[in-house]
Amino acid sequence: GPKTGAEKAAKGQIKPAWRGKPPWEKKGLSRSERVIAFCEVLPITAGVHAGRKLKLRPWQKEIINGIYRTDSDGVREVRQAVLTLPRKNGKTALVAALALAHLLGPEAEERGQVYSAASDRAQASILFNEMVAIICRIPAFSDRCHIKNFHKEITDTINGSVYTALSSDARKAHGLSPSFFCFDELAQSKSRELFDNFQTGTGARAEPLGIVISTQSADPHHVLSELVDFALSIEEGTLPPDPHFYGKVYAAPDDCDPWDEQVWFDCNPALDDFRSLEEMRSFAEQAKLLPQKEAVFRSL
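Here's what I pulled together on the structure shown here. (Residues numbered from 1 in each chain as written. Predicted model: local features only at pLDDT ≥ 70, side-chain atom pairs only at ≥ 80, totals over all residues. Heavy atoms only, no water.)

## Side note on helix H3 (residues 58-67)
Put simply, the rule reads: Accessibility here uses a 1.4 Å probe with only protein chains present; expressed as a share of the type maximum, an area under 20% marks a residue as buried, one over 50% as exposed, and anything in between as partly exposed. Secondary structure is summarised from DSSP: a helix means a run of H or I of at least four residues, a strand means a run of E of at least two, and numbering begins at the N terminus for each. The arc in question is the one traced by the directions running from the helix axis out to the C-beta atoms. Here, two residues are considered to be in contact whenever any of their heavy atoms come within 4.5 Å of each other.
Among all positions of H3, only Trp59, Gln60, Ile63, Ile64, Gly66 and Ile67 are buried. Angular distribution of buried residues about the axis of H3 spans 160 degrees; they occupy a single face of the element. Close packing links the buried residues of H3 with helix H2 (31-39), strand E1 (80-84), helix H4 (91-103), strand E7 (209-214) and strand E8 (245-249).

## Some words on the sheet that holds strand E5 (residues 162-166)
Defined as follows: Strand pairing is assigned whenever DSSP detects at least two bridges linking the two strands. Only the stretch in contact is used when fitting a helix axis, every axis being a line fitted to C-alpha atoms; angles between N-to-C directions are given from 0 to 180 degrees.
Pairing is mixed in the open sheet, where 8 strands are placed in the order E3-E4-E5-E2-E6-E7-E1-E8. Where the open sheet ends on each side, the last strands, each with one partner, are strand E3 (145-148) and E8. Across the sheet, the mean angle from the axis of one strand to that of its neighbour is 10 degrees, orientation sign disregarded. When E1 meets E7, the two strands line up parallel, connected through 5 bridges. In the strand pairing of E7, Thr84 is matched with Ser214. Most of the contacts of H4 go to strand E6 (residues 180-184), to which it runs at about 165 degrees, and overall it touches strand E2 (113-117), strand E4 (153-156), E5, E6 and E7.

## Details of the packing of helix H10 (residues 277-289) against helix H11 (residues 291-299)
Keep this limit in mind: Any angle that is under 35 degrees is reported as roughly parallel, and any over 145 degrees as roughly antiparallel; angles of 65 to 115 degrees are reported as roughly perpendicular and all others as oblique. Working rule for handedness: look at the near helix, and if it is turned counterclockwise from the far one by less than a right angle, call the crossing left-handed; if clockwise, right-handed. Note on residue classes: Ala, Val, Leu, Ile, Met, Phe, Trp, Tyr, Cys and Pro are nonpolar, Asp, Glu, Lys and Arg are charged, and everything else, Gly too, is polar.
Where H10 contacts H11, the two axes come as close as 6 Å, and the packing angle between them is 135 degrees. Taken together, the axes of H10 and H11 lie oblique to each other. When you trace H10 past H11, the crossing you get is left-handed. Between H10 and H11, the residues in contact are Met280, Phe283, Ala284, Gln286, Ala287 and Leu289 and Pro291, Lys293, Glu294, Val296 and Phe297, respectively. The class makeup of the residues in the contact of H10 with H11 is 8 nonpolar, 1 polar and 2 charged.

Encoded structure:
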């Protein structure tokens, strides 16, 4: 497929990601351990760590362990996951890795349908471009993938699975049968129709999975706020645990001091790691002086 730009960007970084058998096929691994092993062979394609392999942090492994936990028969229990994170905490790299795991990795199935959704075409392109950049740096992946840039589509020619990036046109989700979908920045979506169409389309799959990963919504009636409230109610014990749902909410209390750096660390798991603390401090100083920036600082 037409992937010239991505191939040029990857020039000099293309090399075998492993020797012999893929690490996720090692005997004795649990389901979540296989997903983690897959993620950690993937390259980082941009930023100060570009060229290195993805090294999942303990908090990221906790999320994967929660989503890919299994019952006594080895069946993944979780069908819906919601993760809310402030900006620049590595959500794109994590979701790109999980989407690839379902397209051609340990979670792939024959003729699977893998989708990402976003509120507009530009946002939808971000995850697609990240996945293409990773594929073009791993020969074992690029040899088996057919990439259609214009249609934002990747086909695995071995297992027949297809990944497609969709924007806010909910009509496109009618008739689909997702084996995996992720909704990026659901908080920015003006309607819940696309999300609902994805969720209701998974009924024909044995172990479907939908992941929402987003900053939080200021609208208490937004579908994301409903998911966050559900996750918090389970965490607080006001609702019983739901084995088919996983929620992880990184957020500061409404009555917190937004200028307290400990609060920043509490709700930004990547802060002073791959999320810059200096940039955070700089933005905070400006936000103290400009009401418009303060609102952005508090919410994002």
